[in-house]
Amino acid sequence: GHPILEAPESVTGPWKGDINIPCTYGPLQGYTQVLVKWTIFLHDSSGDHIQQAKYRGRLQVNHKVPGDVSLQLNTLEMDDQSHYTCEVTWLTPNGNQVVKDKIIELRVQKLSVSKPTVTTGSGYGFTVPQGMRISLQCQAWGSPPISYVWYKEQTDNQEPIKVAVLSTLLFKPAVVADSGSYFCTAKGRVGSEQRSNIVKFVVKGEKSFLLLWADLGCSLEFLFLNSFSTIYILVLFCLLGKGLHIFSIILIISLCCMVVFIMVYVMLCRKTSQQGEAHAREASDSGETWRVAIFTSACSSEEPSSQTPDNDYSDDPCLGQEQQIIAQVNGDYARLLHTVPPDYELLTT
């Protein structure tokens, strides 16, 4: 019926690294812990006491979790190798004391760095929405210090690009351009550099937005007809970056399409109206030219006249010239009747 103390027979820690030497028990009702003693550490009612000066600042014992009295030893040195005793004393319900102990062997090794693994600090995994703050973490085990480098794969067999020299690659926020294949390397105090597997990181956002726009049948060329359309584009991308709901995005796109088509329709109507006015001016200008031709074709008073008083016949060349002009005008007038719009036929008649 007494508490049972549990601990492994031995543990191995990395040189210059940290190690947790486990020692636990299951708390029992009525039993009160009064003393925790390690070979190099003592914890009682007066507090923590470190037995040897070389361990000061490098060790601590867990007090937060009931039943967990594990020893945390940091920055291991080679001479830290030894046997450590974990001893716990309880006070029983009847006032007696119960003592249990376990001996653990600590080994310190100069460990080569292990192959690093890549994890993400988000429940989304490696496919995340645009605008999200996310990190990729590179983790390796070995004798510290361990240096990390992040790389991004390139196309066309080009050399990977170095993007960070920390264990954590942070995107704040993530954008579509961050999508790609990444890997990290780890180099420890001992051994050669190790490389992680390649992970494919995908940021969803503007690409799916453009595909959705194409499915709706809205041509992007119309959006650049005027400055207002450019503003709409910027607003939409900003809203998408804020993680707006897909139905709200569809509604905004539909409204923008309607506005653009209305503006295009107004521009076409205005152009048609201007063309009609231009045709009317051309018709008016042709009529004025025709009238001017009649007056400017008259004979000049300076030309010599030869008239015969004895008869009514006149061989004045100006008269024959006038008849030719009248005939030419009649022909032009007939052609004009065929070219004017039907609305003017009644007027000419």
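Residues numbered from 1 in each chain as written. Predicted model: local features only at pLDDT ≥ 70, side-chain atom pairs only at ≥ 80, totals over all residues. Heavy atoms only, no water.

The protein chain carries the name VSIG4 protein in an unreviewed UniProt entry, which gives Crocuta crocuta as its organism.

What follows is about the overall build of the protein chain. When helices and strands are tallied, the protein chain shows 5 helices and 20 strands. Across the 349 residues of the protein chain, 28% fall into the buried class. Nonlocal contacts in the protein chain, meaning residues at least 24 apart in sequence, comprise 59% of its contacts between residues at least 6 apart. (Helix = DSSP H or I, 4+ residues; strand = E, 2+ residues; numbered from the N terminus. Buried < 20%, exposed > 50% of the residue type's maximum accessible area, 1.4 Å probe, protein only. Contact = heavy atoms within 4.5 Å.)

What follows concerns the nonpolar core. The biggest cluster of nonpolar side chains holds 26 residues, and the ones touching the most others in it are Ile21, Trp38, Val69, Leu73, Tyr84, Cys86 and Leu106. Put simply, the parts of the chain that give this core at least two residues each are β3 (19-21), β5 (32-38), β8 (59-61), β9 (71-73), β10 (82-91) and β11 (97-109). Counting 21 residues, the second largest nonpolar core, distinct from the first, contains Cys138, Trp150, Phe171 and Cys184. (Core = buried A, V, L, I, M, F, W, Y, C linked by side-chain atoms within 4.5 Å.)

Another point: the state of the cysteines. All told, the structure shown has 2 disulfides when counted by the stated rule. Two residues share a disulfide in this structure: cysteine 23 and cysteine 86, whose sulfurs sit 2.0 Å from each other. Between cysteine 23 and cysteine 86 the disulfide shows an S-S torsion of about -85°. By sign, it is left-handed. In this pair, cysteine 23 is assigned in the loop between β3 and β4 (24-25) and cysteine 86 in strand β10, connecting sequence segments 63 residues apart. With respect to burial, cysteine 23 and cysteine 86 carry one shared label: buried. At a sulfur-sulfur separation of 2.0 Å, the disulfide partner of cysteine 138 is cysteine 184. Because the sign of the S-S torsion sets the handedness, a value of about 75° for the bond joining cysteine 138 and cysteine 184 places this disulfide among the right-handed ones. With a gap of 46 residues between them, cysteine 138 in strand β14 (residues 134-139) and cysteine 184 in strand β18 (residues 180-187) connect regions that are remote in the sequence. (Disulfide = S-S within 2.5 Å.)

On to the packing of aromatic side chains, then. Under the criterion given, the structure shown has 5 aromatic pairs. Look at tyrosine 25 and tryptophan 90: their rings are 4.9 Å apart centre to centre, the planes differ by 80°, and that puts the pair in the edge-to-face class. Taken together, the residues tyrosine 25 in strand β4 and tryptophan 90 in strand β10 connect sequence positions 65 residues apart. Across this residue pair, the class does not change: tyrosine 25 and tryptophan 90 are buried. Taking NZ or CZ as reference, lysine 110 lies 4.4 Å from the ring centre of tryptophan 15, over its face. The ring of tryptophan 15 carries arginine 189 above its face, with NZ or CZ at 5.0 Å from the centroid. (Phe/Tyr/Trp six-rings, centres within 6.5 Å; stacked < 30°, edge-to-face > 60°. Lys NZ or Arg CZ within 6 Å of the ring centre and 35° of its normal.)

What follows is about the environment of threonine 89. Within the secondary structure layout, threonine 89 lies in strand β10. Threonine 89 sits in the buried class, given a relative accessible area of 5%. When the C-alpha positions of threonine 89 and lysine 37 are compared, they lie 8.5 Å apart, and in sequence the two are 52 residues distant.

Together, Leu251, Leu255 and Met258 line one region of the surface with nonpolar side chains, adding up to about 310 Å² of accessible area. Secondary-structure assignment places leucine 251 in helix α3 (residues 246-296). Residue class for leucine 251 comes out exposed when judged on its relative accessible area of 52%. (Patch = residues over 30% accessible without salt bridge, like charges linked within 9 Å, V, L, I, M, F, W, Y side chains within 5 Å. Areas by Shrake-Rupley, 256 points an atom, 1.4 Å probe, with all protein chains shown as cover. Salt bridge = Lys/Arg side-chain N within 4 Å of Asp/Glu carboxyl O.)

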